[in-house]
Amino acid sequence: MSTAPLPPDVVIARALRAHTRTLFAMCGMALVLTLIGTGALQMAGQEWDDQRVLAGLSMLAAGQLLAIVAAVLAGVGWIGLVRRIGAPGSAETVRAVTDGVPRRQVEVTARRLALLLRVALAVAVAGVTAWVIAEPAGLIGAVVGAVLVVQVAVVIAIVRVSVLVRPRRP
C-alpha cells in the first residue's frame, strides 16, 4: 500500500464533498420533517388546535430548526473552505493543504455539529418538560415530537461520524 500524500486538489475535493454531503443530509432531514408535519396536520383535521397536536408540532418545528441549523453549519464550513483555497492546482491551493486548512475546516464543522447534537438532546428534554409544566394534556404529543428531535440528533451524529470524522482517519 502506498503512503504517498494525496494531491492537494484531492484533499480539498474530499473536504468539500464531506461538507456537501452533510448539507444535503441535513436539508433532507428538514424536508422529511416537513412531510411528517404536513401529514400530522392532515390527520388531525378539525382538531389541529388540540394540545397534543400543538405539542407534537412545536417539537417537530424545533427538530426542523435544528436540522436547518446543521445544514447552515455545513454550508458555512463549505464557504469557509472555498474562501481559503485557490484555483485547482494553484500555489495557493498547495499552500492551503500544506497548512492543513481542509482538515481544520472539517474538524471545525464536526465540532460544531457535536455541539448541536447536544443542543438537540437538550431541546428534546426541555421541550417535553415545558409542555408537561405548561399543559399536561400535551405530554403525548410532546413525547412524539421529542422522538423526532432525537431522530434529528441521531442523523447529526451519523453524518458527523460517517461523513466528517471517519474519512479523515487513515
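Each value, and the rule that gives it
- Residues numbered from 1 in each chain as written.
- Predicted model: local features only at pLDDT ≥ 70, side-chain atom pairs only at ≥ 80, totals over all residues.
- Heavy atoms only, no water.
- Helix = DSSP H or I, 4+ residues; strand = E, 2+ residues; numbered from the N terminus.
- Buried < 20%, exposed > 50% of the residue type's maximum accessible area, 1.4 Å probe, protein only.
- Contact = heavy atoms within 4.5 Å.
- Arc of directions from axis to C-beta.
- Patch = residues over 30% accessible without salt bridge, like charges linked within 9 Å, V, L, I, M, F, W, Y side chains within 5 Å.
- Areas by Shrake-Rupley, 256 points an atom, 1.4 Å probe, with all protein chains shown as cover.
- Salt bridge = Lys/Arg side-chain N within 4 Å of Asp/Glu carboxyl O.
- Axes fitted to C-alpha atoms, helices over the stretch in contact; angles between N-to-C directions.
- Parallel < 35°, antiparallel > 145°, perpendicular 65-115°, else oblique.
- Left-handed = near helix turned anticlockwise from the far one by under 90°.
- Nonpolar A, V, L, I, M, F, W, Y, C, P; charged D, E, K, R; others polar.

**Some thoughts on the environment of Val 123**
Line of reasoning, step 1. Considering the arrangement of structural elements, one finds Val 123 in helix α4 (residues 101-134).
Line of reasoning, step 2. Among the residues examined, Val 123 registers a relative accessible area of 25% and is labelled partly exposed.
Line of reasoning, step 3. Linking Val 123 and Ala 70, residues 53 residues apart in sequence, is a C-alpha distance of 14 Å.
Line of reasoning, step 4. In this structure, Val 123 is in contact with Met 59, Ala 62, Leu 66 and Val 149, ignoring residues within four places of it in sequence.

**Focus on helix α3 (residues 91-98)**
Every α-helical turn comprises 3.6 residues, leaving residues that sit three or four positions apart pointing alike.
Line of reasoning, step 1. Listed as buried for α3 are Thr 93, Ala 96 and Val 97. Down the axis of α3, the sector holding all buried residues measures 95°, keeping them to one side. Along α3, exposed side chains directed more than 90 degrees from the buried face belong to Ala 91 and Thr 98.
Line of reasoning, step 2. Packing partners of the buried residues in α3 comprise α1 (8-44), α2 (51-84) and α4.
Line of reasoning, step 3. Directly after α3, the chain includes Gly 100, whose backbone phi takes a positive value near 80°.

**Let's talk about a nonpolar patch on the surface**
Line of reasoning, step 1. There is a patch of nonpolar side chains on the surface, built from Leu 121, Val 150, Val 154 and Ile 158 and spanning about 310 Å² of accessible area.
Line of reasoning, step 2. Examining the composition of the nonpolar patch, we find that three residues originate from one element, helix α5 (residues 139-165), more than from any other.
Line of reasoning, step 3. For Ile 158, the location among the structural elements is in helix α5.

**Some details on the packing of α1 against α4**
Line of reasoning, step 1. One way to put it is that α1 packs onto α4 with a least axis distance of 9 Å and a crossing angle of 20°. Here α1 is positioned roughly parallel relative to α4, judged by the angle of their axes. Considering only the axes of α1 and α4, their crossing is left-handed. Side by side, α1 and α4 meet where Val 11, Ile 12, Ala 15, His 19 and Thr 22 of the first sit next to Pro 102, Gln 105, Val 106, Thr 109 and Leu 113 of the second.
Line of reasoning, step 2. Across the contact of α1 with α4, the residue classes tally to six nonpolar, four polar and no charged.

Remember, this is a structural readout, not a statement about activity or role.
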